[in-house]
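# Remarks on the overall topology
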Amino acid sequence: MAKLDTTVIDQYIDDLMNKSTAEIPVWNIEKARAGTKSGWDYIDGCMIMALLELYETSKDKKFLKFADYYEDFRIDENGKIDGYEKEEWNIDNINGGKNLFTLYELTKKEKYRKALENLYDQVVKQPRTKEGNFWHKKIYPNQVWLDGLYMGQPFYMEYEATFNNSKNIEDIYHQFFNVEKLMKDSVTGLYYHGYDSEKKMFWADKKTGLSRNFWLRSLGWLSMAMLDTLNKAPDKGSEHWNHLKQMFTDLQFSMLKFQDASGMWYQVPNRPGEGKNYLETSGTAIFAYSLLKGFRTQILDAPELQGAGVKAFRGICDKYLTTDDGKLGLGGICLVAGLGPEKSPRRDGSFEYYMSEPIVQDDAKGVGPFILAYNEFNLIAS
């Protein structure tokens, strides 16, 4: 296998930082298309997390400096976060808070600790389904999306372990176990994108409450949710920890059955080559990261899983990492996908719907996971 020239990727990461400000980051394609400035959202949280993981492994202060600048800009001395509205009960808004644990530890800025407390207050008060899982958002009542497990649970676990004497970690585990019980397909081993506890939404099956398809990036979010929660948990080796570890491992092996020869996965992974289905970057990058870091942190112990992670990362580079007039770009990224609400009947969870969303370049939902996977790839290469 040919050696990968990583210098171009290093330059690409530098360019993303150099061309971004706290108000207008070049990686937030959704905001750019809407003509608005960046605020507080999970998209930027993904990117800053990737930079902080680069700092952790490289100790290059440029990554920490940018991450601190970016978050310091929107958090005041009382921990108030500009652009954050708790009453939206949007679990996506918790994601960016994960970076504040690292920044508080490294900078000792009290504003970060206070912001963590504000976000944790949302976690404590977040509305729940009758099964006990967090609602995805106020505008999506009684719904669990796989995306939300990633946005909320690793933050919840780290806060409990760091500041709350682990009082509520059983709640965290049970929210995962509910998803396994309610949303896992027994045939493929994959998980459906969404679940409506009330079984009323137009996209939900009236008997199961489940959406109709498996979406690659949402499967990836679930995978990272389990991996990051396992690595943050203070009770490694406990019965619940081992159960979650098995869930994580089982999902990786299930995904291997659908990995394309290129190393990548399709937007709807169990329907390769069908219709407009395409090899998608963000979900593939998330699984590359999950497989590589899962093996490095000894949660996964099968060498073939690490090999699949390397293959996935290289597959992205081969297919979607391109140079145009000397500028590097990362393509093949699904801009967004969701379920409903009622005023958006197009978002019905059908195969055709997942094919209809824009495919973009250089959006943080793909770039962030790509950098996370790149960091893990470099640790093997070195």
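Everything in this summary refers to the structure shown in the same document. The shown structure was predicted, so the numbers you read here are calculated from the model rather than taken from an experiment.

Before going further, it helps to spend a moment on the packing of aromatic side chains. Under the definition given, this model contains 23 aromatic pairs. Aromatic side chains F313 and Y374 sit 6.1 Å apart centroid to centroid with 25° between the ring planes, which places their arrangement in the stacked category. In this pair, F313 sits in helix α12 (residues 303–320) while Y374 sits in helix α14 (residues 364–381), placing the two residues 61 residues apart along the sequence. Assigned by exposure class, F313 and Y374 land together as buried.

Another point: unusual backbone geometry. In this structure, P341 follows G340 across a cis peptide bond, with omega equal to 5°. Relative to the assigned elements, P341 resides in the loop between β7 (333–334) and α13 (351–356). Phi at D362 takes a positive value of approximately 70°, unusual for a residue other than glycine. Counting through the fold element by element, D362 comes out in the loop between β8 (359–360) and α14. A relative accessible area of 10% means that D362 is categorised as buried.

A separate point is the pairing of strand β6 (residues 327–330). Relative to β6, strand β5 (residues 321–324) runs antiparallel, the two sharing 4 bridges. Bridging across to β6, D324 finds its partner in K327. Two successive antiparallel strands, β5 and β6, enclose a turn made up of 2 residues, where D325 displays a positive phi of approximately 55°.

Rules and cut-offs
Residues numbered from 1 in each chain as written. Predicted model: local features only at pLDDT ≥ 70, side-chain atom pairs only at ≥ 80, totals over all residues. Heavy atoms only, no water. Phe/Tyr/Trp six-rings, centres within 6.5 Å; stacked < 30°, edge-to-face > 60°. Helix = DSSP H or I, 4+ residues; strand = E, 2+ residues; numbered from the N terminus. Buried < 20%, exposed > 50% of the residue type's maximum accessible area, 1.4 Å probe, protein only. Pairing = 2+ DSSP bridges.

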